[in-house]
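Here's the letter readout for the chains.
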Amino acid sequence: MIYNERFIKTRRKTATSVRHIWIDRTSGVNYLYSVYSGYSGGLTVLVDSDGEPIITPPNEMKRIISQDW
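In this text, all values refer to a predicted model and were calculated from it rather than measured experimentally.

About the criteria used
Residues numbered from 1 in each chain as written. Predicted model: local features only at pLDDT ≥ 70, side-chain atom pairs only at ≥ 80, totals over all residues. Heavy atoms only, no water. Helix = DSSP H or I, 4+ residues; strand = E, 2+ residues; numbered from the N terminus. Buried < 20%, exposed > 50% of the residue type's maximum accessible area, 1.4 Å probe, protein only. Contact = heavy atoms within 4.5 Å. Salt bridge = Lys/Arg side-chain N within 4 Å of Asp/Glu carboxyl O. Polar contact = N/O pair within 3.5 Å; in protein donor to acceptor, adjacent residues only side chain to side chain.

Within the protein chain, the secondary structure is distributed over one helix and five strands. For the protein chain, the succession of helices and strands along the chain, N to C, is β-β-β-β-β-α. Across the 69 residues in the protein chain, those meeting the buried criterion constitute 22%. Partitioning the contacts of the protein chain with sequence separation of at least 6, the portion at a separation of at least 24 is 26%.

Structural data, given as structure tokens:
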């Protein structure tokens, strides 16, 4: 887990890719940032089945921060 003032950033790494989920501390909105083989990637807001942004509630953010990633 990487901390900064605005975002909580988690990291998952596989043999060919790195995926980050960034959670905005202010709004709770979740973003996916993915890089493949170090050369291509993208950033997008994560949405639910209705097309609404996925929002992490404040109590869930506290739980995520307290976990040892």
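Before going further, it helps to examine the pattern of salt bridges. Where charged atoms from two side chains of opposite charge come close, those side chains can pair. Within this structure, the stated rule accounts for two salt bridges. Measuring nitrogen to oxygen at the nearest pair gives 2.8 Å for the salt bridge that ties Asp 24 to Arg 6. Of the two residues, Asp 24 sits in strand 3 (residues 17-24) while Arg 6 sits in the loop between strand 1 (2-3) and strand 2 (7-13), which places them 18 residues apart along the sequence. Judged by relative accessible area, which is 3%, Asp 24 ranks as buried.

There is a polar contact of 3.3 Å between the side chain of Asp 24 and the backbone nitrogen of Ser 27. Beyond its immediate chain neighbours, meaning those up to four positions away, Asp 24 contacts Arg 6, Phe 7, Val 29, Tyr 31 and Met 61.

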